[in-house]
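A structural walkthrough
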2 protein chains.
Amino acid sequence: MNAATPEANFDQRVDLPHLAGSPVGTLQVYDTTLRDGAQQEGIALSVADKLAIAVLLDELGVGFIEGGWPGAVPKDTEFFKRAAKELDLRNAELAAFGATRKPGVRASQDPQVRALLDSEAPVVALVAKSDIRHAERALRTTGEENLAMIADTVSLLVAEGRRVVVDAEHFFDGYRFDPAYARAAAATAFEAGAEVVALCDTNGGMVPVWVSQVVAEVRDALGPDVVLGMHAHNDSGCAVANTLAAVEAGCTHVQGTVNGYGERTGNADLLAVVANLELKYGLPVLARDDAGTSRLPELTHIAHAISEITNISPFARSPYVGASAFAHKAGLHASAIRVDPDLYQHIDPALIGNDMRMLVSDMAGRASIELKGRELGFDLSQRPDVLSRVTERVKDAEAHGYTYEAADASFELLLVEEIEGSRPQYFRVESWRTIVERAGGRGTPASAEATVKLHAGGERIVTTGEGNGPVNALDHALRLALVGAYPELESFELIDFKVRILDSMHGTDAVTRVLIEHTDGQSVWQTVGVGPNLLEASWEALTDGTIWGLRNRGVVPR
Amino acid sequence: MNAATPEANFDQRVDLPHLAGSPVGTLQVYDTTLRDGAQQEGIALSVADKLAIAVLLDELGVGFIEGGWPGAVPKDTEFFKRAAKELDLRNAELAAFGATRKPGVRASQDPQVRALLDSEAPVVALVAKSDIRHAERALRTTGEENLAMIADTVSLLVAEGRRVVVDAEHFFDGYRFDPAYARAAAATAFEAGAEVVALCDTNGGMVPVWVSQVVAEVRDALGPDVVLGMHAHNDSGCAVANTLAAVEAGCTHVQGTVNGYGERTGNADLLAVVANLELKYGLPVLARDDAGTSRLPELTHIAHAISEITNISPFARSPYVGASAFAHKAGLHASAIRVDPDLYQHIDPALIGNDMRMLVSDMAGRASIELKGRELGFDLSQRPDVLSRVTERVKDAEAHGYTYEAADASFELLLVEEIEGSRPQYFRVESWRTIVERAGGRGTPASAEATVKLHAGGERIVTTGEGNGPVNALDHALRLALVGAYPELESFELIDFKVRILDSMHGTDAVTRVLIEHTDGQSVWQTVGVGPNLLEASWEALTDGTIWGLRNRGVVPR
């Protein structure tokens, strides 16, 4: 082992002889968000949703978009009808998913197979059994007939001019039980004209060392000229790594879903797979535009745009694209990050369109507060006095239970107060009161009302709001009181409300921290309130959120 | 390649010669949820939270619990103080985290190092620079002095009788830049008496093929007798696989956090790592009880109990422990699953305490309810009728937002109702009301009062309680109303109160879940309340807690 000189024995890139110098497209990126991803609990996509997602995937530059199972799912039949008319894909081929023919019928007479042809998708992905136990126990047929089903169906589709991808279901489990049969299923598909056989870890239980072994053995058995694919699920928490292991062992087609959507623990997160292949393996897997540049910097935007469509809130800790993926908390790191950000990030977040963020927390020092200020558009480097005062106030506030790491808007108001001398005076509160009452025994619903007295727009205003709880009632009363002077409030909505008791050794005698999230349809902002009284803390966060929102819109106090 | 006969060439287990036949503990499981996990955006643990999590981790059977950074974080200093008095760990050793001495000072005179000794933790984890660039640019010292800092600090701690784990920060990045220096840092730590050197992928950018190469080279260089550890972050989506790759290449100490909590994309999910090592690699890594059985079946329960304490909603797609991890769409799979569930799951979910679900049905399986009943001392195996009714009610309750994961007392009352026909009638509530008021502008403290009307001990009672918040006032009014008939209440105290908004898409219009913890000085018990109104939900949890406490004391309704 010779490692005397730096980098003597270490590659910046993973070395993949079988892909060396491959042009774009040599390694196929096959997205199944619209089919396997849609199996996720809580996802229900309309045809319009599916069309919108397909456009985003094509923009990103994937090679294949699996749209659904025409014939089996009416919505998918319609998707392919409309896609043929409405979609103008620049990079991706559309694929229809289906199954091999039923036992004992002719492929051309199996309505399910006919529906695949009728979809007019240029590519068809056929799920086929490669585990003898599934052929016998799930399909209730023989291993021999299962192979005939693969051969017949693939041949028919190829004869009809379709490109065929065979998804070899339960391939890894099947191979572990009976390697010869699993290989025979794959070989049969290729002999019948399949362009790709995707080896599926349908139950998701593989770990990389097993994947490497199986793929290498299959590649040895079938030769280097066939295109093997990998379809992974995340049940062992290794879906991304299993996909990378498969590529290293010879697969040149990878399947996955955006944000790792899918049944159970989900499919391989295609965005993380793509980012790793492009940035760590040096493989150009996404289509390039005419100028030869890739859309990788769109990765984060596309991940979030698609989660808007699926209406599944994005997972902050997602690799590469998560809101927290490049967020730093520790003051220890912050000082070093000022010296050189690359000391503390594995890639430049700009490469995938994400941003580095500083979290202001009790581990934070002047350094992270200065960085946070810059992020919010305040240059404190020339204002050491302000920086000191803000740092002191943050430390003091956090000692009393405040946290600004999830409340940028409250932090910004604090900053504004120190820089401009005071926060904007949109209104002056005289008093407020809430009454919550349950007028009967068990099962009787409780009622809540709130009365707010304040001064705004030169008048004294008294309003009462009702709600299904005290905070909801306070929110309604405050909005009602201010909307006359500030019609901009019409568009504000309170979208999240979190409560935490800080010293849980004293139960309700303890300090309460409330985090509130507002939106005006364009921006989303968070504020924090703290106090011994839950409603007092809520009121602070409510009013701060209103003030920040008005200031952000450039509204002047009236 | 010979694969003529089934399983001829495929191991059920990953073959690890260097660990063959290892007894429990040979491979060390080191949890850093309380330190590195607490760096996650949105997590703010109180000392009481940390103590509660430590107890759960010890129950699970991890080998080490890293509690925090005494001296640097005041809360952590207090944690170690209280842990020494209050924690009685059966399986785990407590570890204090800290850094090597400052450049140019003596270790014995570095207050940060002294604080580690003062914490009296038997194990100390020292973060040390192993990347020459970090030594020079972040610490602003020389590579030589950095090695001296490692040697001095480790020697001092060892001389003071501590077991020392050195976290070699940025080891993989450092090794890629200058292998010789990274190795020298590790060698220096071992020479000074460190028991373990954990190789840290601090920036989380590694992929398994790189981890395997580095660990293998380091092991070759340092010999087979040293204990190397792996500390992975998930920035490439490969933290679990990187940890497995490190174990395959010779690491015998793995670090991680529960639910993969941590900065940015989080740390390696220790629960997935442990489940993979136990179930896929056949390595006994969790402590066994006297009967030799492991607590692996507690995995899911502990994951969810800890997420209740961190107040971070559990991620449904988490490997092994997620609510969706063994959920199947009904229909296509369902029939085959009835034939043989193992056709569609990578492991038996009972092994880690999770349940298989059909998505048409709900979370609660009969099996888990029978299990929980037994845990509480109710044998339902002979009462299929009760089991069915309870399962139905739990399904219905969970559909409305209830969770019994962290509210055994509420579950027990539900069980009692089904077994004995009704819950004990200690009192009958006629009505309640709370008023919270802030009579002045900013800074004026708010006041809270509650009035309760109920029947107990044969009388109608009307009481008013004050408090620093509405729930506190309700608690005082209820206690005041009942203490005459039930003096046992004198000893009851409400010690924790947690609120979670369930559907965060509608802010305060959403359903609220309240978890309340009571104690009577001897036992501690948890109850849950759910409703659109925060105070209504709190009232339900308050009254259930009171009822359970009285019943637990054997008090008869008066």
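Residues numbered from 1 in each chain as written. Chains lettered and ligands numbered in written order. Predicted model: local features only at pLDDT ≥ 70, side-chain atom pairs only at ≥ 80, totals over all residues. Heavy atoms only, no water.

- If you look chain A up in an unreviewed UniProt entry, it shows as Citramalate synthase from Cellulomonas gelida.
- In UniProt, chain A has this text filed under Catalytic activity (unreviewed entry): "pyruvate + acetyl-CoA + H2O = (3R)-citramalate + CoA + H(+)".
- Annotation of chain A in UniProt includes, under Pathway (unreviewed entry), the sentence "Amino-acid biosynthesis; L-isoleucine biosynthesis; 2-oxobutanoate from pyruvate: step 1/3." (UniProt positions renumbered as here; feature names shortened; annotations may be inferred.)

1. What to know about the overall build of chain A
- A count of helical and extended segments in chain A gives 17 helices and 16 strands.
- Taken along its principal axes, the extent of the C-alpha atoms in chain A is 85 × 70 × 50 Å.
- The 558 residues of chain A split such that 61% are buried.
- A separation of at least 24 residues holds for 68% of the contacts in chain A among residues at least 6 apart in sequence.
- Here chain A contributes 50 positively and 78 negatively charged side chains, and the mean placements of these two sets differ by 4 Å. (Helix = DSSP H or I, 4+ residues; strand = E, 2+ residues; numbered from the N terminus. Buried < 20%, exposed > 50% of the residue type's maximum accessible area, 1.4 Å probe, protein only. Contact = heavy atoms within 4.5 Å. Lys, Arg positive; Asp, Glu negative; His and termini not counted. Charge placed at Lys NZ, Arg CZ, Asp CG, Glu CD.)

2. Things to note about the sheet that holds strand β6 (residues 196–200) of chain A
Residue and element names in this part refer to chain A.
- The strand order around the closed barrel formed by 8 strands is β1-β2-β3-β4-β5-β6-β7-β8, and the pairing between neighbours is parallel. Taking the axes of each pair of neighbouring strands and ignoring which way they run, one obtains an average angle of 25° across the sheet.
- Sheet topology note: the strand β5 (residues 163–169)/β6 ladder contains 4 bridges and is parallel. From the neighbouring strand, D167 faces β6, where its bridge partner is A198. (Pairing = 2+ DSSP bridges. Axes fitted to C-alpha atoms, helices over the stretch in contact; angles between N-to-C directions.)

3. Let's talk about helix α9 (residues 239–249) of chain A
- Across the 11 residues of α9 of chain A, 10 count as buried, placing the element largely inside the fold.
- Taken as a whole, α9 of chain A has its buried residues at A239, V240, A241, N242, T243, L244, A245, A246, V247 and A249 of chain A.
- Tucked inside the fold, the buried residues of α9 of chain A contact α8 (208–222), β7 (227–231), β8 (253–256) and α10 (270–279) of chain A together with α8 (208–222) and α9 (239–249) of chain B.
- Backbone geometry just after α9 of chain A places G250 of chain A at a positive phi near 130°.

4. Concerning unusual backbone geometry
- With a phi angle near 60°, E120 of chain B is a residue other than glycine that sits in the positive phi range.
- Even without glycine at this site, H170 of chain B takes up a positive phi of about 50°.

5. Description of the interface of chain A and chain B
- Every contact between the two is made by 136 residues of chain A and, on the other side, 143 residues of chain B.
- The interface formed by chain A and chain B contains 4 salt bridges.
- Measuring nitrogen to oxygen at the nearest pair gives 4.0 Å for the salt bridge that ties E437 of chain B to R433 of chain A.
- Of all the elements, strand β11 (residues 428–438) of chain A adds the most residues to the side of chain A that touches chain B, at 10 residues. (Salt bridge = Lys/Arg side-chain N within 4 Å of Asp/Glu carboxyl O.)

6. So, the pairing of strand β5 (residues 163–169) of chain B
Residue and element names in this part refer to chain B.
- The buried fraction of β5 amounts to 6 of the 7 residues, a majority that puts the element mostly inside the structure.
- Sheet topology note: the strand β4 (residues 123–129)/β5 ladder contains 7 bridges and is parallel. Among the inter-strand pairings, K129 is bridged to a residue of β5, identified as E169.

7. Points about the confidence of the model for chain A
- This prediction gives chain A a mean pLDDT of 89; 93% of its residues lie at or above 70.
- Per the prediction output, this complex has pTM 0.75; the corresponding ipTM is 0.75. (pLDDT = per-residue confidence, 0-100.)

8. Describing the UniProt feature "domain: Pyruvate carboxyltransferase" (unreviewed entry) in chain A
- Residues given the UniProt feature "domain: Pyruvate carboxyltransferase" (unreviewed entry) here are residues 27–297 of chain A.
- Annotated as 42% helix and 16% strand, the span residues 27–297 of chain A places its first and last C-alpha atoms 20 Å apart.

9. What about the packing of helix α13 (residues 366–375) of chain A against helix α14 (residues 384–399) of chain A?
Residues and elements named next belong to chain A.
- Relative to each other, α13 and α14 sit at 110°, their axes nearing to 10 Å. Considered as vectors, α13 and α14 are oriented roughly perpendicular to each other. Of the residues in α14, those touching α13 at R366, I369 and E370 are P384, L387, S388, V390, T391 and V394.
- Class assignment for the residues of the contact of α13 with α14 results in 5 nonpolar, 2 polar and 2 charged. (Parallel < 35°, antiparallel > 145°, perpendicular 65-115°, else oblique. Nonpolar A, V, L, I, M, F, W, Y, C, P; charged D, E, K, R; others polar.)

10. Quick word on helix α3 (residues 111–118) of chain B
Residue and element names in this part refer to chain B.
- Three or more residues of α3 are buried, namely Q112, V113, A115, L116 and L117.
- Taken together, the buried residues of α3 touch β3 (93–99), β4 and α5 (143–159).
- By the N-cap criterion, in which a side-chain oxygen at the helix start approaches the backbone nitrogen of a residue two or three places on, α3 is capped by D110, the distance to Q112 being 2.8 Å.
- After α3 finishes, the residue E120 shows a positive phi value of roughly 60°. (Polar contact = N/O pair within 3.5 Å; in protein donor to acceptor, adjacent residues only side chain to side chain.)

11. Description of the packing of aromatic side chains
- With the rule as written, the count across this model stands at 21 aromatic pairs over all chains.
- Judged by centre distance (5.3 Å) and plane angle (85°), the rings of W69 of chain A and F97 of chain A are edge-to-face. Separated by 28 residues along the polypeptide, W69 of chain A in the loop between β2 (64–68) and α2 (74–86) and F97 of chain A in strand β3 (residues 93–99) bring together distant segments of the chain. One exposure class covers both W69 of chain A and F97 of chain A, and it is buried.
- Pairwise contacts between aromatic rings join F171, F172 and Y175 of chain A into one cluster.
- Seen from the ring of F97 of chain B, R35 of chain B lies directly overhead, with NZ or CZ sitting 3.6 Å from the centre.
- Sitting over the ring of F79 of chain B, K50 of chain B keeps its end group 5.7 Å from the ring centre. (Phe/Tyr/Trp six-rings, centres within 6.5 Å; stacked < 30°, edge-to-face > 60°. Lys NZ or Arg CZ within 6 Å of the ring centre and 35° of its normal.)

12. What to know about the pattern of salt bridges
- Under the criterion given, the structure shown has 61 salt bridges over all chains.
- Note that R163 of chain A and E195 of chain A form a salt bridge whose closest N and O atoms lie 2.7 Å from each other. On the criterion of sequence distance, the pair formed by R163 of chain A in strand β5 and E195 of chain A in the loop between α7 (179–191) and β6 is long-range, its members being 32 residues apart.
- Assessed through its relative accessible area of 30%, E195 of chain A is described here as partly exposed.
- K498 of chain B serves as the salt-bridge partner of D49 of chain B, at 3.9 Å between the closest nitrogen and oxygen. You can see D49 of chain B sitting in helix α1 (residues 47–60) and its partner K498 of chain B sitting in strand β14 (residues 493–501), a full 449 residues away along the chain. The burial state of D49 of chain B is the same as that of K498 of chain B; both residues are buried.
- One network of salt bridges, with partners in common, ties together R383, D385, R389, R393, E417, E418, R423 and D544 of chain A together with R442 of chain B.

13. Some points on the sheet that holds strand β1 (residues 28–31) of chain B
All names here are of chain B.
- Pairing is parallel around the closed barrel formed by 8 strands, whose spatial order is β1-β2-β3-β4-β5-β6-β7-β8. Across the sheet, the mean angle from the axis of one strand to that of its neighbour is 25°, orientation sign disregarded.
- Across the face of the sheet, α1 comes into contact with β1 and β2 (64–68) while running at roughly 170° to β2.

14. Digging into the nonpolar core
- Within the largest apolar cluster, 202 residues are counted, with the highest numbers of intra-cluster contacts made by L277 of chain A together with L277 of chain B.
- Those residues in contact with L277 of chain A that sit more than four places away from it in its chain are L27, L244, V247, V254, G282, L283 and V285 of chain A. (Core = buried A, V, L, I, M, F, W, Y, C linked by side-chain atoms within 4.5 Å.)

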